[in-house]
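What follows is each chain in one-letter form.
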Amino acid sequence: SDAARRVAPTLILDAGDTLRVSSEEIFGPLLVVRTYARLADALSYIAARPKPLALYYLGPDRAEERRVLDAVASGGVTVNDTVMHCGQEDLPFGGVGASGHGRTRGRDGFRELSNVRGVHRQIGHAGLSQLVLDGLYPPYDRAGNIVDLYLWLKMRALRTARCSVM
């Protein structure tokens, strides 16, 4: 029956690290709650594990919120609520690392799922002088090499400079 397959929203307090609920992503009405004495302890705990798919910060302190957001690499973030970032069509959705790569939805999803690539087309001799082209491609021992010209100009500038070079 449907009632037998339903799980009521459940808080799981200080579950041990060896439990599956502590080591796998949860897609359901379960929330593991961990207590800590100092924020640094919580951030260390998070940093020692794979990056989370989502991050929820609950608290009124904006400086602390900024510290948490700066310290934790994660997928989406909701501040002072849970799960709401998933329903925002204007925000990209996706994880990092083992929690999934990339972003979906909107402009970010289009960019993520597109193959944006740079293309360079060499214009050949038409737009460059032979002197420049000689310096770009081997053999580099030809007379008139652009590197030789650059070094000659650099040495000339050093000889005529008013200050000494160490």
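1. Describing the packing of aromatic side chains
- All chains considered together, the criterion is met by zero aromatic pairs.
- The ring of Tyr-45 is capped by Arg-49, whose NZ or CZ atom sits 3.5 Å from the centre of that ring.

2. Re the nonpolar core
- Counting residues in each nonpolar core, the largest one holds six residues, listed as Leu-39, Leu-43, Leu-55, Tyr-57, Val-68 and Val-72.
- Secondary-structure elements contributing two or more residues to this core are helix H2 (39–47) and strand E3 (54–57).
- Beyond its immediate chain neighbours, meaning those up to four positions away, Val-72 contacts Leu-43, Ile-46, Pro-52 and Leu-55.

3. Some remarks on unusual backbone geometry
- For Asp-14, which is not a glycine, the phi torsion comes out positive at approximately 45°.
- Along the polypeptide, Asp-14 turns up in the loop between strand E1 (10–13) and helix H1 (20–23).

4. Observations regarding the pattern of salt bridges
- As enumerated under the stated definition, the model contains seven salt bridges in all.
- The partner of Asp-17 in a salt bridge is Arg-34, with the nearest N and O atoms 3.5 Å apart. Residue Asp-17 is located in the loop between E1 and H1, and its partner Arg-34 is located in the loop between strand E2 (30–33) and H2; the two are separated by 17 residues in the primary sequence.
- The exposure class assigned to Arg-34 is partly exposed, which follows from its relative accessible area of 26%.
- In this structure, the salt-bridge partner of Asp-17 is Arg-49, at a minimum N-O distance of 3.0 Å.

Basis of the calculations
Residues numbered from 1 in each chain as written. Predicted model: local features only at pLDDT ≥ 70, side-chain atom pairs only at ≥ 80, totals over all residues. Heavy atoms only, no water. Phe/Tyr/Trp six-rings, centres within 6.5 Å; stacked < 30°, edge-to-face > 60°. Lys NZ or Arg CZ within 6 Å of the ring centre and 35° of its normal. Core = buried A, V, L, I, M, F, W, Y, C linked by side-chain atoms within 4.5 Å. Buried < 20%, exposed > 50% of the residue type's maximum accessible area, 1.4 Å probe, protein only. Helix = DSSP H or I, 4+ residues; strand = E, 2+ residues; numbered from the N terminus. Contact = heavy atoms within 4.5 Å. Salt bridge = Lys/Arg side-chain N within 4 Å of Asp/Glu carboxyl O.

Everything listed here is a matter of coordinates, which is why it stays silent on function.
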